[in-house]
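# Structural characterization, general
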Amino acid sequence: MKRKLSVAEAVQAASILFELNTGESGVLAMAKKANLPCASEEEKKKLMLEWRAYAHAAVLYGLMAQAPNVVVVEYLRVTQAMLEKLGYSPKEAEDFVDGAFRAYVDPMVRTRTQECPAVFFRRLMNRDVSEVPAETAAMVSGVMAMVMSAILDKLEQYEFGID
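I will try to describe carefully the structure that is included in this document. Please read all numbers here as calculations on a predicted model, not as lab measurements.

## Here's the deal with the nonpolar core
One finds Leu36, Tyr54, Tyr104 and Phe120 to be the most contacted residues of the largest nonpolar core, which totals 58 residues. Among the elements that line this core, the one with the most residues is helix α3 (residues 41-66), at twelve residues. Excluding anything up to four places from it in sequence, Tyr104 contacts Glu50, Ala53, Tyr54, Ala57, Cys116, Val119, Phe120, Arg123 and Met144.

Here it is in structure tokens:
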């Protein structure tokens, strides 16, 4: 039997999924294995922004597939607070939503999640996937697929109520 979550509990669960999939040490470890630029503070900041945007969009996509619209809307409503907790200013949070987050949401809402690695490399490195070493593309694409799958699997374990 699936556990039923209230809207508030669902938003909290979604926020936890975002946090679990955007831990800096894990993202940096993946980046180093994939030979992504992350040596300088500026490279690290850009990498984290892109990965957080992808993860936030993946959680949103999972909610759109599993939860009522009110949960989706409430999750979007906490974006500012989630980003503030990570050190983003209100202007940076606005830019995050209008730029990086939107770039990943677009292919997801069209159920073209396989396009996300191309978005990632284009935004992070200004390169097409074909211009990235095959090992790098495979590693990042695989991790993105695992994150998406884990989020969908987790959200599928719940029923969502409307407060």
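## Observations regarding the pattern of salt bridges
The tally for this structure, following the rule as stated, stands at eleven salt bridges. A salt bridge links Arg77 to Glu74; the shortest N-O distance between them is 3.5 Å. Pair noted here: Arg77 and Glu74 are both in helix α4 (residues 69-77), with a separation of three residues, about one helical turn. Its relative accessible area of 58% is what places Arg77 among the exposed residues. Taking the shortest distance from any N to any O, the salt bridge between Asp95 and Lys91 comes out at 2.8 Å.

## As for the environment of His56
On the secondary structure map, His56 appears in helix α3. By relative accessible area, His56 is classed as buried at 1%. Measuring from C-alpha to C-alpha, the distance between His56 and Gln114 comes to 16 Å, with 58 residues separating the pair along the chain. Setting aside residues no more than four positions away along its own chain, His56 makes contact with Phe18, Tyr75, Thr79, Met82, Phe96 and Phe101.

## Topic: helix α1 (residues 7-20)
The end-to-end C-alpha distance of α1 is 20 Å, a good match for the 20 Å that 14 residues give at a rise of 1.5 Å each. For α1, every residue scored as buried is listed here: Val7, Ala10, Val11, Ala13, Ala14, Ser15, Leu17 and Phe18.

## Topic: the environment of Tyr54
With respect to the element layout, Tyr54 can be found in helix α3. When the C-alpha positions of Tyr54 and Met144 are compared, they lie 8.2 Å apart, and in sequence the two are 90 residues distant. Apart from residues lying up to four places away in sequence, Tyr54 is in contact with Tyr104, Met108, Cys116, Met144, Ala145, Val147 and Met148.

## With respect to α4
Looking only at α4, the buried set comprises Val71, Val72 and Tyr75. The buried residues of α4 all sit within an arc of 100° when viewed along its axis, so they share a single face. Looking at α4, the residues exposed on the side facing more than 90 degrees away from the buried face are Asn69 and Arg77. Looking at the buried side of α4, the elements it contacts are α1, α3 and α5 (79-85).

## Notes on the packing of α3 against α4
It is at 9 Å that the axes of α3 and α4 come closest, and there the two elements cross at 160°. As summarised for this structure, α3 and α4 are arranged roughly antiparallel, according to the angle between their axes. Note on packing geometry: the crossing formed by α3 with α4 is right-handed. Where α3 abuts α4, its residues His56, Val59, Leu60, Leu63 and Met64 lie against Val71, Val72, Tyr75 and Leu76. The residue makeup of the contact of α3 with α4, split by class, is eight nonpolar, one polar and no charged.

Conventions used here
- Residues numbered from 1 in each chain as written.
- Predicted model: local features only at pLDDT ≥ 70, side-chain atom pairs only at ≥ 80, totals over all residues.
- Heavy atoms only, no water.
- Core = buried A, V, L, I, M, F, W, Y, C linked by side-chain atoms within 4.5 Å.
- Buried < 20%, exposed > 50% of the residue type's maximum accessible area, 1.4 Å probe, protein only.
- Helix = DSSP H or I, 4+ residues; strand = E, 2+ residues; numbered from the N terminus.
- Contact = heavy atoms within 4.5 Å.
- Salt bridge = Lys/Arg side-chain N within 4 Å of Asp/Glu carboxyl O.
- Expected span 1.5 Å × (residues − 1).
- Arc of directions from axis to C-beta.
- Axes fitted to C-alpha atoms, helices over the stretch in contact; angles between N-to-C directions.
- Parallel < 35°, antiparallel > 145°, perpendicular 65-115°, else oblique.
- Left-handed = near helix turned anticlockwise from the far one by under 90°.
- Nonpolar A, V, L, I, M, F, W, Y, C, P; charged D, E, K, R; others polar.

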